[in-house]
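Each chain is listed here by its residues.
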Amino acid sequence: MAAASQMLVNEQAMRRNHMVRQLGKVGLWLNPIFAYFFLWAPIVVLVLFSFNSSRSVASFTGFTLKWYNNILNNVMGAERAFSTEIMLNAFRNSLFVGTVATLIATVLGTLIALAMARGRFPGKGLIDGLLFLPVVIPEITQAISLAIFFKVAFDWIAVISGERIFPGFHTIIMAHVTFNISFVAIVVRARLADMDPQLEEAAKDLGANPWQAYWRVTFPLILPGVISGALLAFTLSLDDFVITFFTSGVGTSTLPVFVYGLLKLTVTPEVNAISTIMMVLSTLLIGISLALQGRNASRS
Amino acid sequence: MAFHLRRLRENGSLLALPTVAWLVVFFVLPLVIVLVVSFMSRGRGGVGQMPLTVEHYERTFGVFFIILQRSIGLAALTTIVCLLVGYPLAFFIATRRRRLVQQITLFLVILPFWTNFLIRTYAWRILLGEEGTINGVLLSLGLIGEPLSLLNTQFAVLVGLVYGFLPFMVLPIFASVERFNFRYVDAAHDLGANDLRTFLRVVLPLTLPGVLAGCALVFIPSVGAFVTPDLLGGTKGLMIGNLINKQFGGSGNMPLGSALSIVMMAVVMISLLVYTLANRREASR
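The rules we used
Residues numbered from 1 in each chain as written. Chains lettered and ligands numbered in written order. Predicted model: local features only at pLDDT ≥ 70, side-chain atom pairs only at ≥ 80, totals over all residues. Helix = DSSP H or I, 4+ residues; strand = E, 2+ residues; numbered from the N terminus. Rg over C-alpha atoms; globule rule 2.2 N^0.38 Å. Buried ≥ 20, exposed ≤ 12 C-beta atoms within 10 Å, placed from the backbone. Contact = placed C-beta atoms within 7 Å. Domains from an automatic or database assignment. Core = buried A, V, L, I, M, F, W, Y, C linked by C-beta atoms within 7 Å. Nonpolar A, V, L, I, M, F, W, Y, C, P; charged D, E, K, R; others polar. Pairing = 2+ DSSP bridges. Axes fitted to C-alpha atoms, helices over the stretch in contact; angles between N-to-C directions. Parallel < 35°, antiparallel > 145°, perpendicular 65-115°, else oblique. Left-handed = near helix turned anticlockwise from the far one by under 90°. Expected span 1.5 Å × (residues − 1). Bend = angle between axes of the 7 residues up to and from the residue.

Considerations on the overall build of chain A
Helices and strands together make up the secondary structure of chain A, namely 11 helices and 2 strands. Reading the secondary structure of chain A in the N-to-C direction produces α-α-β-β-α-α-α-α-α-α-α-α-α. Taking 19 Å as the expected radius of gyration for a compact globule of 300 residues, we find that chain A reaches 27 Å, considerably beyond that expectation. For the C-alpha atoms alone, the extent of chain A along its principal axes is close to 95 × 70 × 45 Å.

Here's what the structure looks like:
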């Protein structure tokens, strides 16, 4: 009797387990379908409606290139003045800020990565924290802290020297360098961790001074890491909106700040077209940089 | 002095000096200034002035508490939804047998995120708007009689946040599922555990480091979100990031904005602490 009920319980348990397994299987197939749809639908819709012949984003009525043509000819819907010139100018600003900030951040990030990997000095834990914080702190906090900092600093300078400094490229670049240093340092440190420190020691044993050992041995070996770090910094710089928004001055808007001004208002097919162009450009840029990194990695 | 310099050069700290100096000036000092300003009174033009006061903290935990609560609630909900969607997805990707299929499925998660965050968020305005795509499709199918108001709600913010941060959940979980040895599943079955038990007692604990990292990576930027609620939330979906932003406009109040920022940073630090402790406990087991 007890054995029979035990069997019944077992059978129930097996049936239940079978059900769980079937459900799990269905779930494991349905979930990716839903997830990929969720990830891609907004992008497909955005691109699709940038080619829609009517201004509606509710239904697709036919194909047109009209909106792309409008962007190139300073037209942006009926209600808004839009200038292709301003947009291109913002793009140039983005490239300028990104290039300068990347150069400075790459040097500073590589230096600290080397110091952390090779140096023997106290306070490394503290520096680790200092490098980690800018990565995790909310962007808006970093943005307003820099905004207040520049304001206070410029007020002081005005009091002391009588000359008023206004925010502009210099403030944006300083801000971008600050958030980029940590990312460069992370990438270069990963590369240094893979490198055998005995190679440097061998160079020194063979009579190279530290300077020569660095430029002839260490630097060529970490170069792929430095390049990856620089590309990451450049991408982050081009993409940044929040911190730039709070540190830019008149006439120094970058492309994301300019685009934000458009996006915040209504949905128009011209904005869809601009978004599509930006999407294609950034995908190309990151694709090229990844391909370069891949080539670097396979060469070394 | 010369002796000093040589010692600095020899132990490598001279290399660290420029970067540390930069971060102290442009990262630590600004945060200290924010902390100080958060205790100042509001002066003309919204800037801080003497005397010192705690009124901005009182307001943060008084009239603005509901927004703080909403921000934390929305961030927590975002984390849960990302986990529910992201875990099975990461599992699906990590268990593809062919390397190429695995790479493609992973790439399809990452690729949308090469697009600027603003534009990805804007795309949801097209979808969710009163005359947007979702309403257009539902109306033409006759499923609804009149358009749903989806945009400018907390729901829209939730969708935008999940969309913005889902890969941060998928990638760390993928990494830990990929390392997981599936022989443990066979072992658990052989020892008589059913599927649910095997998952809860074997698979989940061993992939927990990825789950914890994913949760931290989603929760932290969600609490501080500014762009998503700004573009999708309207007044109903206002989050603490928007409130901070407002304090820096024309009729702003920088000390209040600073106090809000400090409180938000405290929330982030607490969640990081929870993450570190949970991770440590997990590692010691």
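Structure's up, so let's keep going.
Points about the overall build of chain B
A tally of helices and strands in chain B yields 13 helices and 2 strands. The globule rule puts the C-alpha radius of gyration for 285 residues at 19 Å, and the 24 Å found for chain B is more than 25% above it. Dimensions of chain B, computed from the C-alpha atoms along their principal axes, are close to 75 × 70 × 35 Å. Counting over 285 residues, chain B shows a buried share of 42%.

What about the environment of L272 of chain B?
Within the secondary structure, L272 of chain B is located in helix α13 (residues 254–284). Sequence separation between L272 of chain B and E282 of chain B is 10 residues, and the spatial gap between their C-alpha atoms is 15 Å. Excluding residues that lie within four positions of it along the chain, L272 of chain B makes contacts with V136 of chain A together with A216 of chain B.

Examining the domain arrangement of chain A
The domain boundaries assigned to chain A delineate domain 1 (2–71) and domain 2 (84–265). Here the C-alpha centroids of domain 1 of chain A and domain 2 of chain A sit 40 Å apart.

Some words on the nonpolar core
Among the nonpolar cores identified, the biggest contains 137 residues, and I112, A143, I144, V184, V242 and F246 of chain A together with A90 of chain B are the most heavily contacted of them. No other element matches the 15 residues that helix α8 (residues 154–179) of chain B contributes to this core. Counting residues domain by domain, this core receives three or more from each of domain 1 (2–71) and domain 2 (84–265) of chain A. Not counting the four nearest positions on each side in its chain, F246 of chain A is found in contact with A143, I144, L146 and A147 of chain A together with F248 of chain B.

Some words on the environment of I220 of chain B
Residues and elements named next belong to chain B. Counting through the fold element by element, I220 comes out in helix α10 (residues 195–223). Judged by local crowding, I220 falls into the buried class, with 23 C-beta atoms found within 10 Å. Measuring from C-alpha to C-alpha, the distance between I220 and G73 comes to 12 Å, with 147 residues separating the pair along the chain.

Brief notes about the interface of chain B and chain A
Opposite the 69 residues of chain B that make contact, chain A presents 66 residues. Here the side of chain B that touches chain A gets 16 residues from one element, more than from any other, and that element is helix α2 (residues 13–37) of chain B. Taken together, the residues that form the side of chain B that touches chain A break down as 46 nonpolar, 19 polar and 4 charged.

Remarks on the pairing of strand β2 (residues 48–52) of chain B
With 3 bridges joining them, strand β1 (residues 40–42) of chain B and β2 of chain B adopt antiparallel strand pairing. Residue pairing across strands places M40 of chain B opposite L52 of chain B, the latter belonging to β2 of chain B.

With respect to the packing of helix α7 (residues 198–205) of chain A against helix α8 (residues 210–239) of chain A
Residue and element names in this part refer to chain A. Here α7 crosses α8 at 140°, and the two axes come no closer than 10 Å. The angle between α7 and α8 falls in the class oblique. Considering the relative orientation of α7 and α8, their crossing is right-handed. Two secondary-structure elements touch here, α7 through L199, E200, A203 and K204 and α8 through A213, R216, V217 and T218. Residues that form the contact of α7 with α8 fall into these classes: 4 nonpolar, 1 polar and 3 charged.

Looking at helix α4 (residues 65–94) of chain B
Residue pairs spaced three or four apart in an α-helix point in one direction, given the helix's 3.6 residues per turn. With 30 residues, α4 of chain B ought to run about 44 Å at 1.5 Å a step, and its terminal C-alpha atoms sit 42 Å apart, in line with that. Of all the bends in α4 of chain B, the largest measures some 30° and sits at G86 of chain B, one to four residues before the proline P88 of chain B.

So, unusual backbone geometry
Residue and element names in this part refer to chain B. Phi is positive for N152, which is not a glycine, with a value near 60°. Relative to the elements of secondary structure, N152 occurs in the loop between α7 (133–140) and α8. Residue class for N152 comes out buried when judged on the 20 C-beta atoms lying within 10 Å of it.

Points about the environment of I43 of chain A
With respect to the element layout, I43 of chain A can be found in helix α1 (residues 2–49). You can call I43 of chain A partly exposed: it has 18 C-beta atoms within 10 Å. With 236 residues separating them along the chain, I43 of chain A and M279 of chain A place their C-alpha atoms 9.1 Å apart. With near-sequence residues (within four places) excluded, I43 of chain A lies in contact with P112, T115 and A123 of chain B.

Section: the packing of helix α6 (residues 117–128) of chain B against α8 of chain B
Residue and element names in this part refer to chain B. Following both chains from N to C, one finds α6 and α8 inclined at 140°, their axes separated by 10 Å at the closest point. Accordingly, the angle class assigned to the pair α6 and α8 is oblique. For the crossing formed where α6 meets α8, the hand is right-handed. Contacts between α6 and α8 involve F117, R120, T121, W124 and L128 from the first element and A156, V159, G160, Y163 and G164 from the second. Split by residue class, the contact of α6 with α8 holds 6 nonpolar, 3 polar and 1 charged.

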